[in-house]
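# Per-entry structural report
Here's the letter readout for the chains.
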Amino acid sequence: MCTNLLVIGASARALAVSAVRLGFKVNAIDLFGDRDLRDVCSRVVQVAAPAYPDELPRIAAEFPAGPVMYTGGLENHIEIIEKLSRARPLLGNHPNAVKQVRDPCFVQEVACKNGCTYPRTVFSSSEVPRDGSFLRKSTASVGGIGVVPWKNPCEETVDGREYWQQFVSGIPMSASLLVTGEKVELLGVCRQLVGRKWCYTNHFRFCGAIQLSTSAFQKDVLHHLHHFAIDLARKVGLAGLIGIDFILPRTSKQRRAQSPVVLEVNPRPTATMELLERCTGRSQAGMHLASLGVPLLRESTALQDGSKMYWGKAVLFANETLTVSASVEQHLVKCSSCLQGRESGWPMVTDLPCSGTVIRPGHPVVSVFGVAESPRLVLRMLRINISKVMQGL
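These notes cover the structure that comes with them. (Residues numbered from 1 in each chain as written. Predicted model: local features only at pLDDT ≥ 70, side-chain atom pairs only at ≥ 80, totals over all residues. Heavy atoms only, no water.)

### A closer look at the sheet that holds strand β10 (residues 183-194)
Basically, it comes down to this: Two strands qualify as a pair provided DSSP detects at least 2 bridges between them. Here a helix means four or more residues in a row that DSSP labels H or I, a strand means two or more in a row labelled E, and each is numbered from the N terminus.
Read from one edge to the other, the open sheet built from eight strands follows the order β13-β12-β9-β10-β11-β14-β18-β16, with strand pairing classed as antiparallel. The sheet is open, and its two edges are formed by β13 (261-266) and β16 (349-350), each paired on a single side. Bridging between strand β9 (residues 171-180) and strand β12 (residues 240-248) involves nine bridges; their strand directions are antiparallel. Its bridge partner lying in β12, Val179 is registered against Gly240.

The structure is reproduced here in structure tokens:
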């Protein structure tokens with residue numbers, strides 16, 4: 001029996017809440033220690049940014065024995081996953097598999113073999129024109145943090161963990177997949193929200209996603225992505241939930257064929273998967289754990305809307321230093337239960353910071369949700385709900 005499940009990541013809330021709905025006793029370690037994470041977990045440790053991720057194995061050792069499940073950000077720190085796996089049963093992809101799918105050269109090879117494309121990628125700035133046609137990325141970044149156009153002659157490399165990738169114009173997307181043995185199931189596709197000013201962020205920062213219908217895609221697009229994931233899973237032994245970030249190029253009427261441009265593979269549950277859970281009622285934690293052979297204590301208690309609705313979420317960032325007072329905390333809790341869309345039974349604001357938290361400019365405040373009959377209406381609802389949350393800050 002799986003008990004004392006420990007969830008670790010930059011933000012543990014979504015996966016931890018999903019596991020609690022299945023009846024698991026959950027503990028968590030993350031960077032935020034949000035109120036709604038503390039409400040469902042037996043114990044939560046908030047890690048200071050300077051200690052993340054190096055101190056995670058030491059902190060994890062202070063929790064009761066039990067398996068560990070990791071989420072966003074740790075795929076960039078394979079040595080941390082390795083240390084955690086030596087101390088606890090690891091419910092997720094193991095270090096060797098993670099190392100391979102985070103290797104741009106390997107991903108490029110498999111992507112191109114399966115009908116996808118991959119941006120030109122180089123590992124030395126001397127090979128890159130400084131005209132903004134390439135982006136500088138870090139192998140340790142997540143959510144688009146630190147991605148910048150490479151054009152300033154004064155810019156220098158920072159830590160040797162960087163690479164340069166040709167900018168691809170198009171629509172940023174993410175695909176969610178479940179790997180179970182030899183089978184790979186495409187769960188859904190979302191349009192990513194990146195650098196939206198109304199979320200008070202810019203550049204290439206991930207700030208949310210909107211669920212799309214798979215029927216909106218050309219058949220070849222999803223076919224190529226699916227076969228890419230099958231080949232990848234077979235080659236490295238992937239298991240559980242994985243995500244693929246890709247660009248859907250804009251095509252002219254004369255050139256209708258589209259080939260997805262793969263950007264990266266996330267070998268763990270991703271930030272967009274809770275949208276699919278809200279839509280279908282299928283627990284992301286339940287799918288992940290069952291695919292790894294973990295018996296579930298009960299069926300998911302996640303709510304499902306019988307009608308065909310689309311879900312989206314937007315991450316609101318601080319545009320100035322925000323100290324979360326008792327009144328701000330009360331406002332956010334009220335928004336969570338009163339914003340339009342609350343009829344679904346799901347909270348409409350999550351990742352609620354605790355009173356006394358100081359949030360610096362450029363850091364996330366809360367996640368805000370929207371639900372509607374079409375993706376276009378979801379986008380409108382997200383902007384309305386973000387505006388209402390901002391009114392009380």
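Additional details are given in the paragraphs that follow.
### Some words on the packing of aromatic side chains
To be explicit about the condition: Pairing of aromatic rings covers Phe, Tyr and the six-membered ring of Trp, with a centre-to-centre limit of 6.5 Å; geometry is then stacked below 30 degrees between planes, edge-to-face above 60, and tilted otherwise. For the exposure calls, accessible area comes from a 1.4 Å probe over protein chains only, and a residue counts as buried if that area is under 20% of its type's maximum, exposed if over 50%, partly exposed in between. To sit over a ring, a charge needs its Lys NZ or Arg CZ within 6 Å of the ring centre and within 35 degrees of the ring normal.
Per the counting criterion, the structure on display carries three aromatic pairs. Judged by centre distance (6.2 Å) and plane angle (40°), the rings of Phe123 and Tyr163 are tilted. Here the residue Phe123 occupies a position in the loop between β5 (121-122) and β6 (134-138), and Tyr163 occupies one in strand β8 (residues 162-166), the gap between them amounting to 40 residues. For Phe123, a relative accessible area of 44% translates into the label partly exposed. Across from the ring centre of Phe63, 4.4 Å away, lies the NZ or CZ of Arg43, which sits over that ring. Cation over ring: Lys308 sits above Tyr310, and NZ or CZ is 5.0 Å from the ring centre.

### As for the nonpolar core
This is how the line gets drawn: What is meant by a nonpolar core is a set of buried Ala, Val, Leu, Ile, Met, Phe, Trp, Tyr and Cys residues, joined one to another through side-chain atoms within 4.5 Å. Pairs of residues are marked as contacts when any of their non-hydrogen atoms sit within 4.5 Å.
Trp311, Val349, Val366 and Val389 are the most contacted members of the largest nonpolar core, which totals 38 residues. Of all the secondary structure elements, the ones that give two or more residues to this core are β10, β11 (206-212), α8 (273-280), β14 (310-317), α10 (326-338), β18 (364-372) and α11 (375-390). Dropping the residues within four chain positions of it, Val366 is found in contact with Ala314, Val315, Leu316, Leu332, Val349, Thr350, Asp351, Leu352, Pro353 and Val389. Within the second largest apolar cluster, 32 residues are counted, among which are Phe217, Leu225, Leu232 and Ile242.

### With respect to the state of the cysteines
Definition in use: Cysteine sulfur atoms that pair up within 2.5 Å are treated as a disulfide.
Counted by the stated rule, this structure contains zero disulfides. Cys112 provides the cysteine sulfur closest to Cys116, a residue in no disulfide bond, and the two sulfurs are 8.2 Å apart. Looking at the unpaired Cys354, the closest cysteine sulfur is the one in Cys41, lying at 12 Å. You can call Cys354 partly exposed: its relative accessible area is 22%.

### Details of the sheet that holds β8
Read from one edge of the open sheet, four strands run β5-β8-β6-β7, paired in antiparallel fashion. Strand pairing shows two members of the sheet lacking a second neighbour, β5 and β7 (148-149), which therefore form its edges. Direction of pairing for β5 relative to β8: antiparallel, over a ladder of two bridges. Note on β8: the bridge partner recorded for Val122 is Trp164.

### Brief notes about helix α1 (residues 13-21)
In terms of burial, α1 is a largely internal element, seven of the nine residues being buried. Of the residues making up α1, those classed as buried are Arg13, Leu15, Ala16, Val17, Ser18, Ala19 and Arg21. One or two residues past the end of α1 sits Gly23, with phi positive at roughly 95°.

### Overview of helix α9 (residues 284-291)
Quick reminder of the rule: Polar contact is defined as a pair of N or O atoms within 3.5 Å, subject to the rule that within protein one atom must be able to donate a hydrogen and the other to accept it, and that residues adjacent in sequence are counted only when both atoms are side-chain atoms.
Burial of α9 is extensive: seven of the eight residues sit out of reach of the surface. Inspection of α9 places Gln284, Ala285, Gly286, Met287, His288, Leu289 and Ser291 among the buried residues, and these make up the whole buried set. One side-chain oxygen at the N-terminal end of α9 lies 3.4 Å from the backbone nitrogen of Ala285; it belongs to Ser283.

### A short note on empty space enclosed by the protein
Test applied: The method works on a 1 Å grid over the protein atoms by themselves. A cavity is a set of points holding a 1.4 Å probe that cannot get out, a pocket is an open set with protein on both sides within 12 Å along at least five of seven lines, and residues with an atom within 4 Å of a point line them. Grid points are joined across faces, edges and corners, and a volume is the space filled by probe spheres set on the points. Only Asp, Glu, Lys and Arg are considered charged, only Ala, Val, Leu, Ile, Met, Phe, Trp, Tyr, Cys and Pro nonpolar, and every remaining residue, Gly among them, polar.
Following the criterion strictly, the structure yields one cavity of 30 Å³ or more and no others. Estimated volume of the largest cavity: approximately 30 Å³. Mapped onto the lining of the largest cavity, the elements with two or more residues apiece are α8 and α9. Take the lining of the largest cavity: its biggest share by element is three residues, from α8. Grouping the constituent residues of the lining of the largest cavity by class yields four nonpolar, one polar and two charged.

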